[in-house]
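The lines below spell out each chain.
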Amino acid sequence: MNIGSEAQNRNMVNELNVDEGEYSEPVSPTGQYFNSSELSICVLAVLDSDIPIDDSPALALLKDVFLPINPRFSSLMVKDENGVKQWKKVEVKLEDHVNIPNFPPGLSPESYDNHLSNYLSKIAMEQLPHNRPLWNIHIIKYPTSNAAGNLIFKLHHSLGDGFSLMGALLSCLQRADNPSVPLTFPSLTSAPTTPSLSLKTNCIFKNIPNVLWSAFNTVSDFGWSLLKSSYVEDDISLIRSGGPGVEFKPIVVSTMTFSLDHIKQIKTKLGVTINDVITGIIFFGTRLYMQGGSNKLNNENSTALVLLNTRNIGGYKSVKEMVKPNPESAWGNQFGFLHVSLPGLTTVQSCKPLDFVWKAQKLIQRKRNSRAVFLTGQLLECLRKFTGPEWNEWHWLIIQLKACTLWWSAYLRV
């Protein structure tokens, strides 16, 4: 995430006004929020390779496979004659988008781990140039502890959300057993059933408490989001200094590896989702970090800003399905914002990680039963129509990010 100086960002955005040419499509409201004078958010994706990476076919693969996925990968975000932001197709100079860093030769994998971490920190703080399509690729040709090489994608969030960008990545892959067959994944959709009339009547009465509880949660969550964004601040802690200009200070990107098999074991044992397990790990790790090695229990009020996927789907959708007319799940940014308070530790000595998984599952399940995320989206759209995206993002998104001590994106439905 990059939040540059107001004057610098505004100049970069406004200098690309054009008076002629064809536009491929308007920029969505969320895309405008994520690329403006006050806010610039990017997605970093790191792929590990089991074999050394050969960069010789990179340009050909980008031209023949990556660019055709979506017109936005070969478009600029510009303003038309009416001041409305549009995606404008341009000729892409692929050489400008491919970066191959040089590290000192002959080092150990552990040393290259540090070089990779420092390189990620460096490119995370750099803004993507606005005079060319908003993405870059970095090819790391040095062995680390986890891989023989790495491929790093840096894509601007205005291009699409995690679901869209993962679909783009998967569309570049082929099946090992039969490359001509499209990729498929198990669906989460259950078989439809036809309930009887008496069962329908019973369900209506049984659902009344759930409807009332959902309405209460919606009002509560939406009101709390407004308060948290504008008035209620988190406590000062190791993850919130409260000092001015903290968004301009250097950051360090650290990585940690977890076994997917172990996560699946926890998921099966507790009867929760993989995202519940990952959320519990994040909550638990954050609380341990906030302890700072102290034996005294530190349970300062801290909040995570959760990006909740709003797609009503049960499985993987290909890019072709996302870009066709009236799709079930369209390409783009389809999520809302919710505030989630981090659970506290019970005692320092007897911390139980599984307890945090349970707490995370209960918190997320409660949020799923709330419509606050859709109300937040409607409010953003109303503010955009009456005041424009520049004021909207400053008054709403930025104060949300300042109010939260931990900004973190978790797509709760994959």
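Residues numbered from 1 in each chain as written. Predicted model: local features only at pLDDT ≥ 70, side-chain atom pairs only at ≥ 80, totals over all residues. Heavy atoms only, no water.

Looking at an unreviewed UniProt entry, one finds the protein named O-acyltransferase WSD1 isoform X2, with Gossypium hirsutum as its source organism. The record held by UniProt for the protein lists under Sequence similarities (unreviewed entry) the comment "In the N-terminal section; belongs to the long-chain O-acyltransferase family." (UniProt positions renumbered as here; feature names shortened; annotations may be inferred.)

Peer 1: Mind showing me how you'd approach the overall build of the protein here?
Peer 2: Summing up its helical and strand segments, the protein has 12 helices and 10 strands in all. The buried share of the protein, taken over its 414 residues, is 41%. At a minimum sequence separation of 6, the contacts of the protein that also span at least 24 residues come to 78%. (Helix = DSSP H or I, 4+ residues; strand = E, 2+ residues; numbered from the N terminus. Buried < 20%, exposed > 50% of the residue type's maximum accessible area, 1.4 Å probe, protein only. Contact = heavy atoms within 4.5 Å.)

Peer 1: Any chance you could explain the sheet that holds strand β6 (residues 135-140) here in plain terms?
Peer 2: Pairing between the strands of a sheet is mediated by backbone hydrogen bonds and can be parallel or antiparallel. Ordered by their spatial adjacency, four strands build an open sheet running β2-β7-β6-β5, and the pairing between neighbours is mixed. The open sheet terminates on both sides in strands that have one partner only, identified here as β2 (42-49) and β5 (98-99). Across two bridges, β5 lies against β6 in parallel orientation. When the sheet's bridge partners are listed, V98 is paired in β6 with I137. Where helix α4 (residues 109-125) meets the sheet, its contacts fall on β2, β5, β6 and β7 (149-156), and the angle it forms with β7 comes to roughly 15°. (Pairing = 2+ DSSP bridges. Axes fitted to C-alpha atoms, helices over the stretch in contact; angles between N-to-C directions.)

Peer 1: Looking at this structure, I do not really get the packing of aromatic side chains. What am I missing?
Peer 2: Ring pairs (aromatic) are described by centroid distance and by the angle formed between their planes. Counting across every chain of the model gives nine aromatic pairs. Plain terms: the ring middles of F66 and F153 are 6.3 Å apart, the flat faces sit at 40° to each other, and that makes the pair tilted. Taken as a pair, F66 in helix α3 (residues 58-66) and F153 in strand β7 lie far apart in primary sequence, 87 residues in all. Taken as a pair, F66 and F153 share a single burial class, namely buried. Where F103 meets Y112, the ring centres are 6.5 Å apart and the plane angle is 25°; that geometry is what we call stacked. With respect to class, F103 is no different from Y112; both count as buried. Over the ring of F356 we find K359, and its NZ or CZ is 5.2 Å from the ring centre. (Phe/Tyr/Trp six-rings, centres within 6.5 Å; stacked < 30°, edge-to-face > 60°. Lys NZ or Arg CZ within 6 Å of the ring centre and 35° of its normal.)

Peer 1: Help me understand the nonpolar core in this model?
Peer 2: One broad trend across soluble globular proteins is that nonpolar side chains are buried collectively. Formed by 27 residues in total, the largest nonpolar core has its most connected members in F66, F73, W135, L155 and W331. Within the residue set of this core, elements represented by two or more residues are α3, β6, β7, α5 (162-171) and α9 (319-323). (Core = buried A, V, L, I, M, F, W, Y, C linked by side-chain atoms within 4.5 Å.)

Peer 1: Looking at this structure, how should I read the packing of helix α8 (residues 274-291) against helix α10 (residues 353-368)?
Peer 2: Angle between the axes and distance between the axes are the two parameters that describe a pair of packed helices. Where α8 meets α10, the axes come as close as 8 Å, and the angle between the chain directions of the two elements is 120°. Here α10 runs oblique to α8, going by the angle between their axes. Considering the relative orientation of α8 and α10, their crossing is right-handed. Across from D276, V277, T279, G280, F283, F284 and R287 in α8, the residues of α10 making contact are P353, F356, V357, A360, Q361, L363 and I364. Split into classes, the residues belonging to the contact of α8 with α10 amount to nine nonpolar, three polar and two charged. (Parallel < 35°, antiparallel > 145°, perpendicular 65-115°, else oblique. Left-handed = near helix turned anticlockwise from the far one by under 90°. Nonpolar A, V, L, I, M, F, W, Y, C, P; charged D, E, K, R; others polar.)

Peer 1: Where do I start with the pairing of strand β4 (residues 85-89) in this structure?
Peer 2: Every regular strand shows the same layout, with side chains that alternate between the two sheet faces. Most of β4 is tucked away: four of the five residues are buried. Of the strand pairs in this sheet, strand β3 (residues 75-79) and β4 are connected by five bridges, and their pairing is antiparallel. Of the residues in β4, the one forming a bridge with L76 is K88. The hairpin turn running from β3 into β4, its antiparallel successor, is five residues long, and G83 in that turn takes a positive phi close to 80°.

Peer 1: What is the right way to look at the confidence of the model for the protein in this model?
Peer 2: Predicted coordinates in areas of low pLDDT are best not read in detail. In this model, the protein carries an average pLDDT of 77, and 78% of its residues clear a pLDDT of 70 or more. Contacts of residues 189-193 to residues separated by more than four positions or lying in other chains number one contact, the stretch itself having pLDDT below 50. (pLDDT = per-residue confidence, 0-100.)

Peer 1: How do you make sense of α8 when you look at a structure like this?
Peer 2: One turn of an α-helix holds 3.6 residues; hence residues three or four places apart share an orientation. Between its terminal C-alpha atoms α8 stretches 26 Å, which fits the 26 Å expected from 18 residues at 1.5 Å a residue. Taken together, the buried positions of α8 are occupied by N275, D276, V277, T279, G280, F283, F284, T286, R287, M290 and Q291. Of the residues one or two after α8, G292 is the one with positive phi, at around 60°. (Expected span 1.5 Å × (residues − 1).)

Peer 1: How should a nonpolar patch on the surface be read in this particular structure?
Peer 2: The grouping of W224, L227 and Y231 at the surface amounts to a nonpolar patch, some 350 Å² of accessible area in total. Look at L227 and you get partly exposed, because its relative accessible area is 41%. (Patch = residues over 30% accessible without salt bridge, like charges linked within 9 Å, V, L, I, M, F, W, Y side chains within 5 Å. Areas by Shrake-Rupley, 256 points an atom, 1.4 Å probe, with all protein chains shown as cover. Salt bridge = Lys/Arg side-chain N within 4 Å of Asp/Glu carboxyl O.)

Peer 1: It is not clear to me how the pattern of salt bridges should be interpreted in this structure. Could you clarify?
Peer 2: For the coordinates displayed, the defined rule picks out five salt bridges. Between R72 and E25 there is a salt bridge, with the nearest N and O atoms lying 3.0 Å from each other. Taken as a pair, R72 in the loop between α3 and β3 and E25 in strand β1 (residues 23-26) lie far apart in primary sequence, 47 residues in all. Residue classification places E25 among the partly exposed residues on the basis of a relative accessible area of 27%. In this structure, the salt-bridge partner of R240 is E233, at a minimum N-O distance of 3.2 Å.

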